[in-house]
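Chain by chain, the residues:
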Amino acid sequence: MTHVKSIIAGPRPVVLAGPSGAGKSTLLQQLLKEYKDQFGFSVSHTTRNPRPQEENGREYHFVTRELMKTAIENGEFIEHAEFSGNLYGTSKKAVREVQRAGRICMLDIDMQGVRSVKKTDLNPKYILIKPPSLASLEERLRGRGTESEESLSKRLGVADEEMKYGEMAGVFDYVIINDDVEKAYQELTEALSEEIKQACKQKNTLSNGTGGHNGIKG
Ligand SMILES: Nc1nc2c(ncn2[C@@H]2O[C@H](COP(=O)(O)OP(=O)(O)O)[C@@H](O)[C@H]2O)c(=O)[nH]1
Ligand SMILES: Nc1ncnc2c1ncn2[C@@H]1O[C@H](COP(=O)(O)OP(=O)(O)O)[C@@H](O)[C@H]1O
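Residues numbered from 1 in each chain as written. Chains lettered and ligands numbered in written order. Predicted model: local features only at pLDDT ≥ 70, side-chain atom pairs only at ≥ 80, totals over all residues. Heavy atoms only, no water.

Undergrad: Got a minute to help me understand the sheet that holds strand β2 (residues 39-41) in this structure?
TA: In sheet architecture, strand pairing relies on hydrogen bonds along the backbone and comes in two forms, parallel and antiparallel. Pairing within the open sheet is parallel, and its 5 strands lie in the order β2-β7-β1-β8-β9. Every interior strand has two partners, whereas the edge strands, β2 and β9 (174-177), have only one. Going from strand to strand, the sheet's axes swing by 25° on average, the running direction of each strand aside. Strands in contact with helix α7 (residues 181-191) are β1 (14-17), β8 (125-130) and β9; relative to β9, the strand with the most contacts, it is inclined by about 165°. (Pairing = 2+ DSSP bridges. Helix = DSSP H or I, 4+ residues; strand = E, 2+ residues; numbered from the N terminus. Axes fitted to C-alpha atoms, helices over the stretch in contact; angles between N-to-C directions. Contact = heavy atoms within 4.5 Å.)

Undergrad: Hey, could you run me through the sheet that holds strand β4 (residues 60-62) in this one?
TA: One open sheet holds the 4 strands; their spatial order is β4-β3-β6-β5, and the pairing between them is mixed. Each edge of the open sheet is held by one strand with a lone partner, namely β4 and β5 (77-83). Within the sheet, the average angular offset between the axes of one strand and its neighbour, ignoring direction, is 25°. Bridging between strand β3 (residues 44-46) and β4 involves 3 bridges; their strand directions are parallel. Paired with Ser44 across the bridge in β4 is Tyr60. Against the sheet, helix α2 (residues 65-73) touches β3, β5 and β6 (86-91), its axis set at about 40° to β6.

Undergrad: Could you clarify how one ought to interpret the packing of helix α1 (residues 24-34) against α7 in this entry?
TA: For any two helices packed against each other, one specifies the inter-axial angle together with the distance between the axes. Contact geometry of α1 with α7 gives a least axis separation of 10 Å together with a crossing angle of 60°. Considered as vectors, α1 and α7 are oriented oblique to each other. Considering the relative orientation of α1 and α7, their crossing is right-handed. Residues Thr26, Leu27, Gln30, Leu31 and Glu34 of α1 form the contact with α7, whose own contacting residues are Val181, Glu182, Ala184, Tyr185, Leu188 and Thr189. Grouping the constituent residues of the contact of α1 with α7 by class yields 6 nonpolar, 3 polar and 2 charged. (Parallel < 35°, antiparallel > 145°, perpendicular 65-115°, else oblique. Left-handed = near helix turned anticlockwise from the far one by under 90°. Nonpolar A, V, L, I, M, F, W, Y, C, P; charged D, E, K, R; others polar.)

Undergrad: Looking at this structure, how should I read the pattern of salt bridges?
TA: Side chains that differ in charge, positive against negative, can pair when their charged atoms come close. Per the stated rule, a full pass over the model turns up 17 salt bridges. A salt bridge links Arg58 to Glu59, with the shortest nitrogen-to-oxygen separation between them at 3.1 Å. Overall, the relative accessible area of 22% leaves Glu59 in the partly exposed class. Lys130 is the salt-bridge partner of Glu167, the closest N and O atoms lying 2.5 Å from each other. Of this pair, Glu167 sits in helix α6 (residues 149-167) while Lys130 sits in strand β8, placing them 37 residues apart in sequence. The exposure class of Glu167 is partly exposed, given its relative accessible area of 42%. (Salt bridge = Lys/Arg side-chain N within 4 Å of Asp/Glu carboxyl O. Buried < 20%, exposed > 50% of the residue type's maximum accessible area, 1.4 Å probe, protein only.)

Undergrad: Is there a simple way to think about the site of ligand 1 in this case?
TA: Close to ligand 1 lie 19 residues, the nearest being Ser20, Ser44, Tyr60, Tyr88 and Asp108. Between ligand 1 and Ser20, the relevant distance is 2.5 Å, taken from an oxygen atom to a side-chain nitrogen or oxygen of the residue. In this structure, Arg48 approaches ligand 1 through a side-chain N or O atom, which is 2.6 Å from an oxygen atom. If ligand 1 stood free it would expose 570 Å²; the protein chains cover 98% of that surface. Mapped by element, the contributors of at least two residues to the shell around ligand 1 are β5 and β6. (Near = heavy atom within 4 Å. Polar contact = N/O pair within 3.5 Å; in protein donor to acceptor, adjacent residues only side chain to side chain. Areas by Shrake-Rupley, 256 points an atom, 1.4 Å probe, with all protein chains shown as cover.)

Undergrad: Is there a simple way to explain the site of ligand 2 in this structure?
TA: In the vicinity of ligand 2 there are 14 residues, among which Gly21, Ser25, Thr26, Arg144 and Asp179 approach most closely. One nitrogen or oxygen atom from the main chain of Ala22 is found 3.2 Å from an oxygen atom belonging to ligand 2. The separation between a nitrogen atom of ligand 2 and a polar side-chain atom of Asn178 is 2.8 Å. Bound to the protein, ligand 2 loses 75% of the 570 Å² it would expose on its own.

Undergrad: How should the packing of helix α5 (residues 134-144) against α6 be read in this particular structure?
TA: Between α5 and α6, the least distance of the axes is 11 Å, while the angle of their chain directions is 150°. With respect to α6, the element α5 is oriented roughly antiparallel. Two packed elements cross with a definite hand, and for α5 against α6 that hand is right-handed. Residues Leu134, Leu137, Glu138, Leu141, Arg142 and Arg144 of α5 form the contact with α6, whose participating residues are Glu149, Leu152, Arg155, Leu156, Ala159, Asp160 and Met163. Residues that form the contact of α5 with α6 fall into these classes: 7 nonpolar, no polar and 6 charged.

Listed below in structure tokens is the structure:
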């Protein structure tokens, strides 16, 4: 067991995993927009090249392999993995920053990352996002227009196995099939309803500064 709790205090984080193209980013973007005070994104490091709309420090910290390897050796990461020919990893700092802001930390990681996190005491809630079929996954990944044929086939090549692991009993707390995106989003907010309720309550308490009372005297 790797201990990370002692350096990362705060509410229980949430892991979103599922094959590339399942819709994790789409659902996360909607959640982080609607509940921007309640949830925060764990900005991972990666050695892959940024896509046209991506910004360094927002979607990822885009770094060289050399820099990332050194940081891993220095113990700066909770977990890391090689995916489709690139390194990806969650730094302790990324999670700490979200926790410090009083938000629930959302991690978007692959199945290797899930396996690694399970060996730590981070103890997140695990949510699996699945596409309705492998055919629709391919269609969506092609439609996104971000991948070369090589990268596409690498992603599809591991998707089936990733889902098989994800579907094993006890690995995930919730499984959401992202067929209709609005329905999937609703299921996600239901899976997080307790977190949303708690975070909103806490925010109200903080904003009126009275421990729950509305502050109006008399
Ligand atoms: N283990 C691990 N996986 C990550 C991390 N960040 C992203 N990933 C995963 O890496 C895979 C590829 O991510 P990306 O290149 O952004 O492609 P996309 O998920 O298809 O948009 C996805 O399965 C992500 O969930 C991380 O910090 N650790
Ligand atoms: N329910 C859905 N129906 C159709 N297309 C979708 C749906 N959800 C997401 N997409 C599209 O599929 C592609 C992959 O989604 P994305 O969120 O990037 O997946 P991931 O982050 O899991 O790799 C994107 O182009 C996105 O707009």
